[in-house]
Structure formats: structure tokens, C-alpha cells
There are 2 protein chains.
Amino acid sequence: VLQRTGSFKFRGAFNRISLIPEADRPRGVVAFSSGNHAQGVAAAARALGMMATIVMPSDAPAIKVRNTRAWGADVVMYDRWTEDREAIGGRISDESGATLVRPYDDPYVMAGQGTIGLELVEQAGVAGAALDAALVPCGGGGLIGGIAVALGGRSPATKVYAVEPAGFDDTGRSLAAGERVANAPDAVSFCDALLAPTPGVLTFAVNSARLAGAFAVTDAEVAQAMAAAHEYFKLVVEPGGAVALAAVLSGRLDCAGRAIAVVCSGGNVDPAVYAQALTATA
Amino acid sequence: VLQRTGSFKFRGAFNRISLIPEADRPRGVVAFSSGNHAQGVAAAARALGMMATIVMPSDAPAIKVRNTRAWGADVVMYDRWTEDREAIGGRISDESGATLVRPYDDPYVMAGQGTIGLELVEQAGVAGAALDAALVPCGGGGLIGGIAVALGGRSPATKVYAVEPAGFDDTGRSLAAGERVANAPDAVSFCDALLAPTPGVLTFAVNSARLAGAFAVTDAEVAQAMAAAHEYFKLVVEPGGAVALAAVLSGRLDCAGRAIAVVCSGGNVDPAVYAQALTATA
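Residues numbered from 1 in each chain as written. Chains lettered and ligands numbered in written order. Predicted model: local features only at pLDDT ≥ 70, side-chain atom pairs only at ≥ 80, totals over all residues. Heavy atoms only, no water.

Right, let's get into the overall build of chain A. The number of helices and strands found in chain A is 11 helices and 8 strands. Computed over C-alpha atoms, the radius of gyration of chain A comes to 18 Å, within 12% of the 19 Å expected from 2.2 N^0.38 for 282 residues, which places it in the range of a compact globule. For chain A, the spread of C-alpha atoms along the three principal axes comes to 55 × 40 × 35 Å. Of all 282 residues assigned to chain A, the portion counted as buried reaches 56%. A separation of at least 24 residues holds for 71% of the contacts in chain A among residues at least 6 apart in sequence. Of the roughly 11,500 Å² of accessible surface on chain A, 54% is carried by carbon and sulfur atoms. (Helix = DSSP H or I, 4+ residues; strand = E, 2+ residues; numbered from the N terminus. Rg over C-alpha atoms; globule rule 2.2 N^0.38 Å. Buried < 20%, exposed > 50% of the residue type's maximum accessible area, 1.4 Å probe, protein only. Contact = heavy atoms within 4.5 Å. Areas by Shrake-Rupley, 256 points an atom, 1.4 Å probe, with all protein chains shown as cover.)

Our next topic: the interface of chain A and chain B. Taken together, the contacts link 21 residues of chain A with 21 residues of chain B. Here chain A packs against chain B, burying approximately 1,700 Å² in sum over the two surfaces, 65% of which is carbon and sulfur. The largest contributions to the chain A side of the interface with chain B come from A:H230, A:K234 and A:V236, which together make up 36% of the buried area. Counting every contact that joins chain A to chain B gives 2 salt bridges. B:E231 is the salt-bridge partner of A:R66, the closest N and O atoms lying 2.9 Å from each other. At the junction of chain A with chain B, the criterion picks out 8 residue pairs in polar contact (both at pLDDT 80 or more). Counting residues per element, the ones that place at least two in the side of chain A that touches chain B are helix 3 (62-70), helix 9 (219-233) and helix 11 (271-280) of chain A. Tallying contributions element by element places helix 11 of chain A first for the side of chain A that touches chain B, with 6 residues. Here the side of chain A that touches chain B is built from residues that sort into 12 nonpolar, 6 polar and 3 charged. (Buried area = accessible area lost by both parts, 1.4 Å probe. Salt bridge = Lys/Arg side-chain N within 4 Å of Asp/Glu carboxyl O. Polar contact = N/O pair within 3.5 Å; in protein donor to acceptor, adjacent residues only side chain to side chain. Nonpolar A, V, L, I, M, F, W, Y, C, P; charged D, E, K, R; others polar.)

We now examine the packing of aromatic side chains. Here the structure, examined in full by the defined rule, presents 5 aromatic pairs over all chains. Note that A:R4 overlies the ring of A:F10, its terminal NZ or CZ placed 5.5 Å from the centroid. In this structure, B:R80 is placed above the aromatic ring of B:W81, and the distance from its NZ or CZ to the ring centre is 4.7 Å. (Phe/Tyr/Trp six-rings, centres within 6.5 Å; stacked < 30°, edge-to-face > 60°. Lys NZ or Arg CZ within 6 Å of the ring centre and 35° of its normal.)

Now for the environment of A:E122. Within the secondary structure, A:E122 is located in helix 5 (residues 107-126). In this structure the C-alpha to C-alpha distance between A:E122 and A:A259, which are 137 residues apart in sequence, comes to 14 Å.

Mapping chain A onto chain B is achieved by rotating through 180 degrees and translating by 0.0 Å along the same axis, at an RMSD of 0.0 Å. Both chain copies can therefore be described as sitting about a two-fold axis. For chain A, the smallest separation between a C-alpha atom and the rotation axis is recorded for A:A275, amounting to 2.2 Å. (Least-squares fit on C-alpha atoms with pLDDT ≥ 70 in both.)

Now for the sheet that holds strand 4 (residues 99-100) of chain A. All names here are of chain A. With respect to topology, 4 strands assemble into an open sheet ordered 3-2-1-4, the strand pairing being parallel. Each of the sheet's edge strands pairs with one partner strand only, and the pair in question is strand 3 (74-78) and strand 4. As defined by bridge partners, strand 1 (residues 29-32) adjoins strand 4 across 2 bridges and the pair is classed as parallel. In the strand pairing of strand 4, V30 is matched with L100. Its contacts with the sheet place helix 2 (residues 36-47) against strand 1 and strand 2 (52-57), and it is angled at close to 170 degrees to strand 2. (Pairing = 2+ DSSP bridges. Axes fitted to C-alpha atoms, helices over the stretch in contact; angles between N-to-C directions.)

The subject of this paragraph is the pattern of salt bridges. Residues and elements named next belong to chain A. Using the criterion set out here, one finds 20 salt bridges over all chains in the structure. Residue R252 is joined to E221 by a salt bridge in which the shortest nitrogen-to-oxygen separation is 2.7 Å. Here R252 is found in the loop between helix 10 (243-249) and strand 8 (260-262), whereas its partner E221 is found in helix 9, with 31 residues between them in sequence. E221 sits in the buried class, given a relative accessible area of 18%.

So, on to the nonpolar core. Ranked by size, the top nonpolar core spans 54 residues in total, and within it A:Y274 and B:Y274 carry the most contacts. In this structure A:Y274 touches A:M226, A:H230, A:L235, A:V236, A:V237, A:V269, B:H230, B:V236, B:Y274 and B:L278, once residues within four positions along its chain are discounted. (Core = buried A, V, L, I, M, F, W, Y, C linked by side-chain atoms within 4.5 Å.)

What follows is about the side chain of B:R25. Note that B:R25 resides in the loop between helix 1 (9-18) and strand 1 (29-32). Leave out the neighbours within four places in its chain, and B:R25 touches B:I17, B:S18, B:L19, B:I20, B:L48 and B:M50.

Next up, the structure:
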């Protein structure tokens, strides 16, 4: 299933925004995001006839900034290294009365993303398979939290694993530590969609109770997964969207004879970055 | 609908090969192709438990040669500028008794490709639309001939247009001339799947009776269409597979307020070529 706005984020944004009381709607919504949540919120707000202001880092992929504007949102840029996006979003919300739509740490956002879990069970049923495991890209943890709750209800034997970029394995290390730990501030990865500094409070509460484990993959492994999706599935997958596929192709999990769901969660990648990923691994 | 072997060619190849009499099957099949028919024949032969020998030009995309071999076929290379692939294929067929599976000029191959026409009608029905027109990539003319016959039966009001690379517009010029004319021998295009020298005898008989017209598009327009499919559909489309989309995006046909089917017929493109198409147009 391909996604409106090119990633899963529309699901949670639409679910959250559709629950804003009628009286608050004229003041619009505000969100901070590196780009996929931005587009999801902008598209959901437009579908519901509301204004959207999106706070985006100045190094966000051009495709994501362009498409967020194309959905009619106002884009406010900030410097990811020196400014605090939560503070900027909070200030805009305070001043305008716009409802803040969080990217992951919100039960209605998580519930929207969790509809992917329902679809995984449906697709497995069509294929006549019972899912042994699901591998899901993990940034702040909203997508995987929603999916884990959905699978817990519909397919409780399925083990759910988070996959993160190396250096941004905060969920994996937090699961091991039993508490929320942060990534090193100087960590870098081209998986722009998965650079949240720590697990969310709510998402970690859900994920620490439900996940079977976590894997971390390198940017080189992610580029190989993007090239494999290109060659074998004819599908454009962005770096952050390809980490779960990278974990499988790199042998992180023994898949032999088992039914494994792999979530490719987005395809919003600048042509130059995509071209480099394809040709670096050819 | 994505395609087994990454293009539509499996449909015609499977239909044709499945009709080979039992007694002839041990001698296998032979085909000549720049790559997509090659993979379709190789995969169909394997599915039916038969040997396949494929005659491919030495400048065929590496991905197509690799995948043809991966389906278990023997690949024989020839020089597209100095050797005659039909003669080579005929000689192999004569010597080995293998059945020659033509890339387009065969009624059973055309019928197999025509199943796409049935699916277009089905998809339009789901969308609640009646198709005003269908734009279809055209090389030898088997795909569009099969589709035109299928639409003639199921959706007779739909106009069917061929789209060809500039310089390889033999079907368009043949329709205008009322007879089969050839492309200039020095014509070049990166649409490797659509470089047939003339319309087929059988395909032209069908197409001259059924097509509403033809358009030609430049390689630059094709590269823009590949980039658009990348950005908006997250779909990898090869040059020859993107000509119909290029015709629409370049405004060759007035689409305003009309329901138009656009066939993207393949996605087998080398990463370096794909990267170049994306970045040249970014």
C-alpha cells in the first residue's frame, strides 16, 4: 500500500486533527518535523479545512519542504543544532492558539500509525501466513508503538522489533537500560526521518512493555537496502524508510522458514541523495 | 499492479510458451531481446520446466542480462550494429529444435500482453471512471496491439494512442503512411526497450486498424517523467516504460476533465542510468 504524502505520517496526523473540537479549528494546527510528519499534518489539515504552520529544520530534504508548502502549510525554518523545535512550536501554539500536533508522543497519533499493524495482519491473512515477526523503522517510536498495540490485539504471537540507524539507537539502548536514554548529540546519519534525540515518554512506556528487541543498521546497509528495493520491488524508499529492510538483508534476524513483515515507511528522498545511494552500492 | 520480471513481458511469454506442445518442450525455447522479453521468456520457461536460450545485444542494460541469467537462461550476446538477431535466433532454433518465442509479432504473445487492457478496464471501473483514452509505450507494437484488441472488446469508446521515443517513431510514421516504414539506422535513444527497427507485420495489421494516433517524446521528456514517477508515485520506471507518462506530462494530449489510462510498462533500469535521469532533471 503506497501512502498519501509518501509516508505513514498522514495516518496519525489525520486521526489527531480530526479529533480537534470544532471551536478550536479556526486557530489551526502547528507541528515540528523534519519533513514526513510535516507533510502528513499539512495534508490532513487541508483535508479538514484548517490552517497549518510547520516548524522544519533548515537541513530538511528539499522534497519534504517543497511538498509541505504544496499542501498549503506555512513553513517556519529553525537551526537543528542551536534552536529547540519544541520551544518554537510551543511559542507559536501559545501565541496563535493553534493546536500542537506532536510527531509521535500522542496516543491519537500512535493509534493512527497503528492502522499499519491492522493492514499487516490483513496482508498476512491474504498470503495465508501467520506473522512470526514484524520489523519496523523507529525514530520517536510512534509508528512502532501503534503497530505493536495493534498486533498485540490481532496477532499476539507476532514479535515486534524496532530498527534504528546506528548512532540513533536510543530505543534499543533504552530498552536495555530500562529507562529513556539519549543519543550522542554529535551522531550523524542520512536517515533524516529517524533522528529523534530520545524515545518519547508515552511511546517508551508502550514500547518497553511490548517490543521483542531492537536492531541498529549502518548508513551503508541502508543504502544497499534502498538499492535492493529499487531493483527487486521497483519501489522508491527513503533512508529512514529502509532501515527495517536493511536489517533483514544484513541478516540481523534469522528469517529462514519464518513469515516476517518488513515495514518500508516512506519514500520522500531527494533525487541526488537517492542517486548517490544507488550508485554507491552498484 | 507490479509485474513479475519487472515488465509486462512475462504475460505474453507465458501465454505463448504454455501453448507449446508437450512433445516439443524438451527442446526448450529461444528468444531475442534487449532484455525485458528476455527476462519474461526466461521466467516463463523456468515456471514451465523448460530450457531457454536468449540472444541479447552486447549493449543491453546489465540489470537485464544479470536477471535473465538469474532465471536460469543461457545468454548469447550479439553486436546490435553488425549482426542480425533474427538470423541468430533462427539458427539456434534450427540447430536445437528450440521453439522461437517472438517478442511481439505473435498472436499469443500479443494476447498475453493484452491482459493489461482488461486490467485497465477493471481499474477504471473501481475508480468509477469510463476511460476516454489509453496511452501505451510502443516498440514493436505487441503490447499496444494486445491492449487495443482488449479495449476494443471491453471498452470500445476508449481511444488508444501509441507513444514512442523520438527517432523511433516508426509506428506513428507507418500509421501516417499507411504502410510499415523503418527508423533511421543511426537513431539513438536511451529507451532501450523500444528500439525495434519497424512495426511487426501482425502488430501493424492490428494497430493500423485500431489506434487513434501516436506521439513521440524526447529522451529529456522521458527523464522528467522518470523523475516525476520517482517523486509522486515512488515508483521506479525505466526509460522505455516512461514514454506514455512523458507524453502526458509534456502536454501531448489534452487530458483536462478526461479519464486517461497511462501504462508504465517496465522498471528494469541500471542504477547509474536511473541516477543520471533523476539528477539531470532535478
